[in-house]
Amino acid sequence: MKTNNITYRRVGDYTIPNLVLPPEEANITLGKWGMLHKDYLEKHNRVFFNVLLTQGKLYQHCAEIGNQARNMFDTLIEQMKNAEGVTEQLKEENQLEWVCCMQNIEARAREIIENELIYT
């Protein structure tokens, strides 16, 4: 069955449209942050998810969020390291303390990004 340039297939009692990603969407690869945002939209903001999906802009949107998150993560890490005095000298003098500080900084940066960009 075909209507308005959309093809459909019959599955049991239902007619389902054959949706295909536009070529530009098919070439986009999502990273960690983009996938987290996509999963969040799919589970918690279905209307926006479906609008982006039907417009063929879902992967582009999630990739943009992923790029913003990656840049924000790098910036936050550097700012927190400078503010807290986590330096290469500390790394040389006390590796265990440096690792603990870096893990703490990265965890806080992830939480900020998730609250500010990913889960909104």
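Scroll up for the structure.
Let me sum up the structure you'll find in this document. Quick caveat, the model's predicted, so the values are computed rather than measured.

In this section: the overall build of the protein chain. A count of helical and extended segments in the protein chain gives six helices and three strands. For the protein chain, the α and β elements follow one another from N to C terminus as β-β-β-α-α-α-α-α-α. For 120 residues, the compact-globule estimate of 2.2 N^0.38 gives 14 Å, and the protein chain exceeds it by more than 25% at 21 Å. If you line up the protein chain on its principal axes, its C-alpha atoms span 70 × 25 × 20 Å. Looking at the protein chain as a whole, 27% of its 120 residues are labelled buried. Taking contacts inside the protein chain between residues at least 6 apart in sequence as the whole, the part at least 24 apart equals 62%. Total accessible area on the protein chain stands at roughly 8,500 Å², and carbon and sulfur atoms take up 50% of it. With 13 positive and 17 negative side-chain charges, the protein chain shows a separation of 12 Å between the mean positions of the two kinds.

Turning our attention to the packing of aromatic side chains. Per the counting criterion, the structure on display carries two aromatic pairs. Taking the centre distance of 6.1 Å and the plane angle of 45° together, the rings of Trp-33 and Phe-73 count as tilted. A residue pair is termed long-range when its members are at least 10 positions apart, and Trp-33 in helix H2 (residues 32-44) and Phe-73 in helix H4 (residues 58-84) qualify at 40 residues. Trp-33 gets classed as buried once you look at its relative accessible area, which sits at 8%.

Here we come to the nonpolar core. Judged by nonpolar contacts, the single largest core of 16 residues is most densely connected at Trp-33, Ala-69, Phe-73, Ile-77, Val-86, Ile-113 and Ile-118. For this core, the leading source of residues is helix H6 (residues 95-118), giving seven residues. With near-sequence residues (within four places) excluded, Phe-73 lies in contact with Trp-33, Glu-106, Ala-109, Arg-110 and Ile-113. Counting eight residues, the second-largest nonpolar core is a separate cluster that includes Leu-41, Phe-49, Leu-52 and Cys-62.

Per the stated rule, a full pass over the model turns up three salt bridges. Close ionic contact of Lys-38 with Glu-42 constitutes a salt bridge, the shortest N to O distance being 3.9 Å. Taken as a pair, Lys-38 and Glu-42 lie in helix H2 at a separation of four residues, close to a single helical turn. Notably, a salt bridge pairs Lys-81 with Glu-78, separated by 3.6 Å at the nearest N-O pair. Pair noted here: Lys-81 and Glu-78 are both in helix H4, with a separation of three residues, about one helical turn. With a relative accessible area of 40%, Glu-78 lands in the partly exposed category.

Our focus in this paragraph is the pairing of strand S2 (residues 6-11). As defined by bridge partners, S2 adjoins strand S3 (residues 14-17) across four bridges and the pair is classed as antiparallel. Residue Tyr-8 lies in a different strand from S3, and its bridge partner there is Pro-17. Connecting S2 to the next strand, S3, in antiparallel fashion are two residues, including Gly-12 with a positive phi near 65°.

The rules behind these values
- Residues numbered from 1 in each chain as written.
- Predicted model: local features only at pLDDT ≥ 70, side-chain atom pairs only at ≥ 80, totals over all residues.
- Heavy atoms only, no water.
- Helix = DSSP H or I, 4+ residues; strand = E, 2+ residues; numbered from the N terminus.
- Rg over C-alpha atoms; globule rule 2.2 N^0.38 Å.
- Buried < 20%, exposed > 50% of the residue type's maximum accessible area, 1.4 Å probe, protein only.
- Contact = heavy atoms within 4.5 Å.
- Areas by Shrake-Rupley, 256 points an atom, 1.4 Å probe, with all protein chains shown as cover.
- Lys, Arg positive; Asp, Glu negative; His and termini not counted.
- Charge placed at Lys NZ, Arg CZ, Asp CG, Glu CD.
- Phe/Tyr/Trp six-rings, centres within 6.5 Å; stacked < 30°, edge-to-face > 60°.
- Core = buried A, V, L, I, M, F, W, Y, C linked by side-chain atoms within 4.5 Å.
- Salt bridge = Lys/Arg side-chain N within 4 Å of Asp/Glu carboxyl O.
- Pairing = 2+ DSSP bridges.

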